[in-house]
Amino acid sequence: DFVRNDERFKRSLFNPLWNRLRDQGPEDGLKWRYQPYRNCLSKDWCFVPPTSNLGAKGVLRKDYFLSEEEVVLCILEEVRTMKETRPVLNENAASISSLISTLSTEL
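The following paragraphs examine the structure supplied in this document. Starting afresh in each chain, residues are numbered from 1 along the sequence in its written order. Two thresholds apply to this predicted model, a pLDDT of at least 70 for residue-level local features and 80 or more for giving and counting side-chain atom pairs, whereas whole-chain, interface and lining totals are computed over all residues. Side-chain metrics in this entry use all non-hydrogen atoms of the structure; hydrogen atoms and water are not considered.

Moving on, we get to unusual backbone geometry. With a phi close to 70°, Arg-61 is a non-glycine residue in the positive phi region. Secondary structure elements are taken from DSSP: a helix is a run of H or I of four residues or more, a strand is a run of E of two residues or more, and numbering for both begins at the N terminus. In this structure, Arg-61 sits in the loop between strand S2 (43-48) and helix H2 (68-80). Exposure is judged per residue with a 1.4 Å probe applied to protein chains only, and the accessible area is read against the type maximum: over 50% gives exposed, under 20% gives buried, and values in between give partly exposed. When its relative accessible area of 43% is taken as the criterion, Arg-61 is described as partly exposed.

A few words on the environment of Phe-9. Within the element layout of this structure, Phe-9 appears in helix H1 (residues 6-22). Residue Phe-9 is classed as buried on the basis of its relative accessible area, which comes to 0%. In this structure the C-alpha to C-alpha distance between Phe-9 and Glu-68, which are 59 residues apart in sequence, comes to 9.2 Å.

Okay, structure coming up:
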């Protein structure tokens, strides 16, 4: 399975996506970042979108993401709402739905 094969998932999907998210524009306000995150139970790193309210009021899977799978799922769900991507999504609907379903059950 593609998602369960961590090496293949990261190499083929997450790494190219992350590079694009991290470098998507000249302004810092458009870039995702990877930064330390602390909560009362752990000290960890997280993926942070440009619109994040990271801090005490940060919401998991909105303001920060703890796994690569969470980031990919977020992006896929966001892309599904975009009018510009509908032709591509319609052509690949079964594959995309399967990937979203698999990612959702993994989390």
